[in-house]
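A structural walkthrough
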Amino acid sequence: MDDWIRARRDTLTWLDCDRYVWSVFAGAPGRWYDEPATLVAATAQAHPLLRSDVYAVSVLGPFSRHLVSGSEASALCEALELSAPRRVVADTLDALLHQFGSRVDIVLDCPSPRSFLTSGVAVDLDALDDVAASLLEVIRTVADRPIRGLQITCNTAFGPDDDEADAWSSLLAAAAHYGWVTAIRLNDVTDPDQLDGTLPGDLLLLPQTAADVLPDDRRHGGGLPPAVWTDTDEAARRADVAAKRGLRFGEIPADAPPETVLTRINALSAAEH
């Protein structure tokens, strides 16, 4: 990732393959994030086929069964202090780093603090700050590992407002302190023109955005929305356009046909040579 940021490499392929690996390679187990051995074994089996240059480890995953969306910030913060899920995050990271070494850039995937709070209600700035502080404490427990980046995942359709972006400031400052690349993933944005040009982060990742509407620069990643992973002529055309980009990003759906996934991966790899 750092080589991409510094223009020392021509392409970077970043695939969110978590749900696909869970479904196809692990058989959709009920406790995916709680069992690092299962997650890492399935990921290691999948990687030679999927060939993503980056793998994101969920900070939230091991805590998810302890969290209830829309809870009070105090309850969320209390859950994020639990020691057992923190150990699972650390164990998962250690196993993946051992498995992949320097061949794959391991990053942390951290949800935006706003995603924890009830949608459609006024944002409580103190609550946002409290949740961000708790997330930061989880991140600090594993910051001594050779992690390459921090991804913050945002689910609002037009990108974050100023209050939500401000809540990330401590997380982004910590990432900068550790020398990590920062990426903002904007799950529901389909048009880059919707975004504030001053949005922080080294990279902006747009998993719903087609390649032909993305800016031709090193900051914007996308081009591989869910429709690309279907078995149609239009999907193949979109994949060919995405393959010509330098930074390709997308999420492989859990129900994508394996033969189609392999065809799309081969098209991306062929464009690198």
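Residues numbered from 1 in each chain as written. Predicted model: local features only at pLDDT ≥ 70, side-chain atom pairs only at ≥ 80, totals over all residues. Heavy atoms only, no water.

At a closest axis distance of 9 Å, the pairing of helix α6 (residues 125-140) and helix α8 (residues 169-178) adopts a crossing angle of 20 degrees. For the element pair α6 / α8, the angle class is roughly parallel. Crossing of α6 against α8: the hand is right-handed. Where α6 abuts α8, its residues A132, L135, L136, I139 and R140 lie against S170, L171, A174 and Y178. Among the residues forming the contact of α6 with α8, the class breakdown is seven nonpolar, one polar and one charged. (Axes fitted to C-alpha atoms, helices over the stretch in contact; angles between N-to-C directions. Helix = DSSP H or I, 4+ residues; strand = E, 2+ residues; numbered from the N terminus. Parallel < 35°, antiparallel > 145°, perpendicular 65-115°, else oblique. Left-handed = near helix turned anticlockwise from the far one by under 90°. Contact = heavy atoms within 4.5 Å. Nonpolar A, V, L, I, M, F, W, Y, C, P; charged D, E, K, R; others polar.)

Let us look at the side chain of D34. Secondary-structure assignment places D34 in the loop between α2 (18-25) and α3 (36-50). Separated by 3.3 Å, the side chains of D34 and R31 make a polar contact. Not counting chain neighbours up to four residues away, the residues in contact with D34 comprise P62, R65 and V88. (Polar contact = N/O pair within 3.5 Å; in protein donor to acceptor, adjacent residues only side chain to side chain.)

Counting buried residues along strand β7 (residues 220-224), five of its five residues qualify, which places the element largely inside the surrounding structure. Sheet topology places strand β6 (residues 203-210) next to β7; three bridges connect them, and they run parallel. Each residue of the ladder has a partner; that of L205, found in β7, is G221. By the bridge criterion, three bridges tie β7 to strand β8 (residues 247-251) in an arrangement that is parallel. Its bridge partner being in β8, L224 is matched across the sheet by G250. What joins β7 to β8 is helix α9 (residues 233-243), and the crossover it makes is right-handed. (Buried < 20%, exposed > 50% of the residue type's maximum accessible area, 1.4 Å probe, protein only. Pairing = 2+ DSSP bridges. Right-handed = clockwise from strand over helix to strand, strands pointing away.)

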